[in-house]
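# Fold and contact review
These are the residues of each chain, in order.
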Amino acid sequence: MQTRKASLDELDTIFWMGFDAWGEGLSPVEYLASCQASQKYRSGVWYVLVVDNQPVSSLIVYRDQFGLGQGCVGIGSLATTPAMRGQGFGAHLLRTVTDMLLDSPDAITTFLHADIDHHFYERLGYRRLPGGDCMYFSHRRPHYVGEPPTYF
């Protein structure tokens, strides 16, 4: 297994990983076109977990936008190829990228919006902020104080 930044030619594969979760009401063609045109998706950095030379899980990292403060990073769109789900690939990718991001000396917190399963993220050490779906993980702040970022 290898975690790395995604290449541009892998983006369509990445987008398909989330079709069943985020493609509601769209045809496959419409969904793919909306992902390809998404400014939000172009503004972050995609990471993939590669197994046997194939991306099996992905997520996007955001900095300096969506109300993320200094030292704060947003993680979004965690998805795994449907055939590979339930094997820990998404959890492995999230842990690896979170640790990498928080390894920086100026890093404080990673945020994510859990619009699918809070318990999955809680098992990985993320804590839910009161009043919504925003969750955070930090080695330096056991309790986050401040405004959560806007949805990303």
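Look up a bit, the structure's there.
Residues numbered from 1 in each chain as written. Predicted model: local features only at pLDDT ≥ 70, side-chain atom pairs only at ≥ 80, totals over all residues. Heavy atoms only, no water.

Glancing now at the packing of aromatic side chains. Overall, the coordinates contain 10 aromatic pairs when judged by the stated rule. On the numbers, 5.5 Å between centres and 75° between planes, the contact of tryptophan 16 with phenylalanine 19 is edge-to-face. For tryptophan 16, a relative accessible area of 35% translates into the label partly exposed. Note on phenylalanine 19: relative accessible area 25%, which makes it partly exposed. Between tryptophan 16 and tyrosine 31, the ring centres sit 6.1 Å apart and the planes meet at 45°, which makes this aromatic pair tilted. Residue tryptophan 16 is located in helix H1 (residues 11-17), and its partner tyrosine 31 is located in helix H3 (residues 28-37); the two are separated by 15 residues in the primary sequence. Cluster of aromatic residues (ring-pair linked, three or more members): Phe120, Tyr121, Tyr126 and Phe137. (Phe/Tyr/Trp six-rings, centres within 6.5 Å; stacked < 30°, edge-to-face > 60°. Buried < 20%, exposed > 50% of the residue type's maximum accessible area, 1.4 Å probe, protein only. Helix = DSSP H or I, 4+ residues; strand = E, 2+ residues; numbered from the N terminus.)

Residue placement: tyrosine 62 occurs in strand E3 (residues 54-62). A relative accessible area of 0% places tyrosine 62 in the buried class. Considered as a pair, tyrosine 62 and tyrosine 41 are 21 residues apart in the sequence and their alpha carbons are 9.4 Å apart. Only 3.3 Å separates the side chain of tyrosine 62 from the backbone oxygen of lysine 40, close enough to count as a polar contact. (Polar contact = N/O pair within 3.5 Å; in protein donor to acceptor, adjacent residues only side chain to side chain.)

Our next topic: the environment of phenylalanine 15. Tracing the backbone shows phenylalanine 15 in helix H1. Taking relative accessible area as the criterion, phenylalanine 15 reaches 5% and is therefore assigned buried. Note: C-alpha distance between phenylalanine 15 and alanine 83 (68 residues apart in sequence) is 15 Å. Not counting residues up to four positions away in its chain, the partners in contact with phenylalanine 15 are Tyr31, Leu32, Cys35, Gln36, Tyr41 and Trp46. (Contact = heavy atoms within 4.5 Å.)

Right, let's get into the layout of surface pockets. Of the voids in this model, the largest pocket is the one considered here, and its volume is about 390 Å³. Along the walls of the largest pocket sit 20 residues, with Leu78, Ala79, Thr80, Arg85 and Phe120 positioned nearest its centre. Mapped onto the lining of the largest pocket, the elements with two or more residues apiece are helix H2 (19-22), strand E4 (72-80), helix H5 (89-102) and helix H6 (118-123). Here the residues of the lining of the largest pocket sort into 11 nonpolar, six polar and three charged. (1 Å grid on protein atoms, 1.4 Å probe; cavity = no way out; pocket = protein on both sides within 12 Å on 5 of 7 lines; lining within 4 Å. Points joined across faces, edges and corners; volume = space filled by probe spheres on them. Nonpolar A, V, L, I, M, F, W, Y, C, P; charged D, E, K, R; others polar.)

What follows deals with the nonpolar core. By size, the foremost hydrophobic cluster in this structure holds 24 residues, and its most contacted members are Leu59, Leu94, Leu112, Tyr121 and Tyr126. Within the residue set of this core, elements represented by two or more residues are strand E2 (45-51), E3, E4, H5 and strand E7 (134-137). Counting residues per element, this core draws most heavily on H5, at seven residues. Judged by nonpolar contacts, the second largest core, of 18 residues, contains Tyr41, Val50, Tyr62 and Leu68. (Core = buried A, V, L, I, M, F, W, Y, C linked by side-chain atoms within 4.5 Å.)

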